Amino acid sequence: MSVVTYELIENIGVIRLNNPPVNALSHALREGIQDAINRAQEDASKALILICEGRTFIAGADISEFGKPPKAPSLPEVISAIEGSAKPVIAAMHGTALGGGFEVALACHYRCALSSAKVGLPEVKLGLLPGAGGTQRTPRLAGVEAALELITSGAPVAANKAAQMNLIDRVIDGELLEGALDYARELVTAQAPARRVSDLMIDPASAPAELFEGFRSKLAKRARGQMAPQLIVSCVEAAVALPIEQGLAKERELFIECLQSSQSAAMRHLFFAEREASKVKGLDKDTPKREIASVAIIGGGTMGGGIAMNFANVGIPVKLVEIDDEALARGLSIIEKNYSITVKKGKLSEAQKDQCLSLIQGTTDYADLADVDLVIEAVFENLELKKEIFAELDNSCKQGAILATNTSYQDVDQIAAATRRPQDVIGLHFFSPANVMKLLEVVRGDKTADDVIATAMALGKKIHKVPALSGNCYGFIGNRMLRHYAREAQLCMIEGGTPEQIDSVMQDWGMAMGPMAVGDLAGLDIGYKARQGLTDEQKGDPKTYCIADALVEMGHLGQKTGAGYYRYDPETRARITDPEVVEVIETQAKAHGVSRRAIDNSEILNRLTCALINEGSKILQEGIAQRPGDIDVVYVFGYGFPAYRGGPMQYADTVGLKRIHDTIVMFGQRYGEEYWTPAPLLKELAESGKTFAEWARGK
Ligand code: 3H9
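Each value, and the rule that gives it
- Residues numbered from 1 in each chain as written.
- Predicted model: local features only at pLDDT ≥ 70, side-chain atom pairs only at ≥ 80, totals over all residues.
- Heavy atoms only, no water.
- Helix = DSSP H or I, 4+ residues; strand = E, 2+ residues; numbered from the N terminus.
- Rg over C-alpha atoms; globule rule 2.2 N^0.38 Å.
- Contact = heavy atoms within 4.5 Å.
- Areas by Shrake-Rupley, 256 points an atom, 1.4 Å probe, with all protein chains shown as cover.
- Domains from an automatic or database assignment.
- Near = heavy atom within 4 Å.
- Polar contact = N/O pair within 3.5 Å; in protein donor to acceptor, adjacent residues only side chain to side chain.
- Nonpolar A, V, L, I, M, F, W, Y, C, P; charged D, E, K, R; others polar.
- Pairing = 2+ DSSP bridges.
- Axes fitted to C-alpha atoms, helices over the stretch in contact; angles between N-to-C directions.
- Buried < 20%, exposed > 50% of the residue type's maximum accessible area, 1.4 Å probe, protein only.

The next thing to look at is the overall build of the protein. Scanning the protein for helices and strands turns up 30 helices and 19 strands. The C-alpha radius of gyration computed for the protein amounts to 28 Å, which stays within 12% of the reference 27 Å derived for 699 residues, consistent with globular compactness. Here the C-alpha coordinates of the protein stretch approximately 85 × 60 × 55 Å along the principal axes. Counting only contacts in the protein whose residues sit at least 6 apart along the sequence, the fraction spanning at least 24 positions is 73%. Counting only carbon and sulfur atoms, one obtains 52% of the accessible surface of the protein, whose full area is about 29,700 Å².

Looking now at the domain arrangement of the protein. Its domain assignment divides the protein into domain 1 (4-259), domain 2 (295-470) and domain 3 (478-591). Computed over C-alpha atoms only, the centres of domain 1 and domain 2 are separated by 42 Å.

Attention now goes to the side chain of S408. With respect to the helices and strands, the residue S408 is situated in the loop between β14 (402-405) and α16 (412-416). Leaving out residues up to four positions away in the same chain, S408 has contacts with E381, H429, G475, F476 and N479.

Inspection of the region around the ligand gives 27 residues, with G100, E103, E123, R275 and K279 positioned closest. A distance of 2.8 Å separates a nitrogen atom of the ligand from a polar atom in the backbone of A61. At 2.8 Å, a backbone N or O of G100 approaches an oxygen atom of the ligand. With 3 residues, the single largest contributor to the shell around the ligand is helix α11 (residues 262-277). Among the residues making up the shell around the ligand, the classes are represented as 15 nonpolar, 5 polar and 7 charged.

Pairing within the open sheet is mixed, and its 6 strands lie in the order β1-β2-β3-β4-β6-β9. In this open sheet, the two edge strands, each paired with only one partner strand, are β1 (4-9) and β9 (170-172). Taking each pair of neighbouring strands and ignoring which way they run, the sheet shows an average axis angle of 20°. Pairing geometry for β1 and strand β2 (residues 12-17), over 6 bridges, is antiparallel. Residue pairing in the sheet places Y6 in a bridge with I15 of β2.

On to the pairing of strand β15 (residues 425-430), then. Of all the 6 residues making up β15, 6 are buried; the element is thus mostly covered by neighbouring parts of the structure. Burial along β15 is two-sided: the face carrying V425, G427 and H429 and the face carrying I426, L428 and F430 are both buried. Judged from the 3 bridges that link them, β14 and β15 form a sheet pairing that is parallel. Paired with L403 across the two strands is V425, which belongs to β15. Relative to strand β16 (residues 439-444), β15 runs antiparallel, the two being bridged by 4 bridges. Across the sheet, residue H429 finds its bridge partner in β16, namely E441.

Right under this line is the structure:
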């Protein structure tokens, strides 16, 4: 079937696009639109409607075509054909008119949309800028400031809002084609012209230089390290200063610059990796799923409360279980407080808050869990306690209920073995703060049933998380790799670095936070307590934890005590360098026979990133992660790894695996092979000149 059809309805030409799933502007679609526009110039039509079949209006350029040899007509050529039509063209939008899709609409002479539709220019999320006129036409319609906000945020806006912004002419309730035909007839009757957005002028007084400078510095913070947002500002500036043809040429030039950048390659990789991560190899996509209409959370601490909010937010009732009334009241009040903060930020109404809270009920009695479909245990990390809880759940919950643990590193199989239904047990590892962080690590036990995995992956999406599957091992994907990153951070510190130096190296490189600042946020006592239960052999080299232990023992538990690796301003929570901490580091170095030296920034960066990549290679080869992209998804959505570097494995591919391998060998010669032996897969790929991505495709 053709992806573009053309039909005359009375004197209105209707161009219908049908390119599932999202009507992306593939070569066939571009060609079809151009042909239809040309053909319509010759027939009896008085106006044209551009409308889409399926779930959405055009959702953008076909991202999978980027990086391949371009095929004519290009999108700018198609857009120019639409805008150049002598007969008025009306875009009729539903679903999500995004990116190149919305640019097509902006080239039309009139725009209507269903009230449920959304429009936007999300290219920035792919490390790109709108490359088919979006940066030139949006400010001509919506004004410079609104355009800058829309394009640099990439966030879509609802049809009614878009109409207020002058981006849509008519909002339609009811049947879209009928509404669009009525609109077209009205325009024909009124002899409305083919009104072109590019003919509009922008008043330069509405866009003083300070406006652009303000945006540039705001974006330098909000989108630290990213090039596309800054270039978007330059494009919009050009829209004000230059005639449309020159503005479009500037936009094209900067679009190509973005398209060819490693930042955009990384972000496009992540777009597909995120979608692929939710697919489980070897599991039929039609695997039946269990219905999850109610959930219970064991443990009403920060984690349990955050998890509960995810379900209440999508209308699923939650029972929060605590050991006594006092703990329960504390847990519920934390949830209340969290919702109130969201209300204050204007992201939730009071009524929505009340609705969510009404869905969360407390209990101290496991008998109340008899009917729930899913239980998530979120108590502190103690294997014996978790086993007791699962044995209790086995007795209290109905058959078919899914029993999940939120453990961040314990053995899911041992927990499952505490029940008579290990097939129903799975790990659902949320990340703190659980109501904010997007990652959900789904941990498959040895005996976990296929339908339980399929249900968990689908549920993750339902609660707006990004699910990624991990096999069962100590720390799963994320924390298993993190141990190696954290080890190197500690070693760099005792060998000569300071918390400030290490954190700023990693933060300047793009991490959301440096490792020491993360430690302070999480609480240094957590690792300390975990180490208490380990033998010396299990704890490993004391140089990798002696500074943290010394800090805890002097009461520096992190942000919560106002001091950790840093001191914290009691009012602003700002980090302050603490000379006492430097003394601790120096004392510990002496005690462990380390003579401190100046350590340079590139060594810190290489040690921390190579440690992640080497362990990631092992995780891949062991099949703990399904694909390199899954590891990237885990790191970007769970650990603050910069999206514009694509995740550790994509970053390694960009740098080159031979270089990573050789760096690890060099560290091995310098610091010993215990920590620095290249993983077998990394070695193999470095020798054969392949990337992780190529290995994954060939597997
Ligand atoms: C652009 O337009 C540049 C121009 O300015 C200039 C050009 C010169 N291309 O997300 P879903 C696939 S840049 C190719 O699960 P949802 C996706 O991979 C583009 N494929 O559905 C998935 O495949 P699979 C600007 C695409 O309902 C399937 O469609 N536009 C594209 O949750 C379903 O996707 C954007 O950035 C695409 N553009 O969400 C919009 N889009 O089933 C990107 C989707 O094999 N897209 N696919 O895994 C989205 O934000 C969401 O997909 C959308 C639907 C909201 C549309």
